[in-house]
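# Summary of structural features
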Amino acid sequence: MKQQPSLKQVFKAVAGALIGVQSEQQRQQDFNSSSPVPYIVAGIITTLLFVAVLLVTVKLVLN
């Protein structure tokens, strides 16, 4: 039976993927999880937060 990752593990995997640094062991663990849904949801949330931070930073710099 495949194991369910914790919230911390999911966000750690998404952060590693976002910056392009992830070990082979971690990648295999991610692909062996029971469902891709937590990774997809965490990826969308992280991407939206990243874009929001970029927008706020640009707005502050241009003012």
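So, here's what we can say about the structure. Because the structure is predicted, anything quoted here is derived from the model rather than measured.

### Observations concerning the nonpolar core
Formed by Val10, Ala13, Val14, Tyr39 and Ala42, the largest nonpolar core amounts to 5 residues. Here this core takes 3 residues from helix H1 (residues 7–19), the largest share from any one element. In this structure Ala13 touches Gln22, Gln26, Asp30 and Tyr39, once residues within four positions along its chain are discounted.

### Thoughts on H1
Counted at 1.5 Å a residue, the expected span for H1 with its 13 residues is 18 Å, and the 19 Å between its end C-alpha atoms agrees. Within the sequence span of H1, burial applies to Val10, Ala13, Val14 and Gly16. Seen from one end, H1 has its buried residues packed into an arc of 160°, which puts them on one side. For H1, the exposed residues set more than 90 degrees away from the buried face come down to Leu7, Lys8, Lys12 and Ile19. Those residues of H1 that are buried are in contact with helix H2 (24–31) and helix H3 (37–62). A positive backbone phi angle near 85° is found at Gly20, which sits one or two residues after H1.

Here is what the cut-offs are and how they apply
Residues numbered from 1 in each chain as written. Predicted model: local features only at pLDDT ≥ 70, side-chain atom pairs only at ≥ 80, totals over all residues. Heavy atoms only, no water. Core = buried A, V, L, I, M, F, W, Y, C linked by side-chain atoms within 4.5 Å. Buried < 20%, exposed > 50% of the residue type's maximum accessible area, 1.4 Å probe, protein only. Helix = DSSP H or I, 4+ residues; strand = E, 2+ residues; numbered from the N terminus. Contact = heavy atoms within 4.5 Å. Expected span 1.5 Å × (residues − 1). Arc of directions from axis to C-beta.

That is the geometry; function is a separate question.
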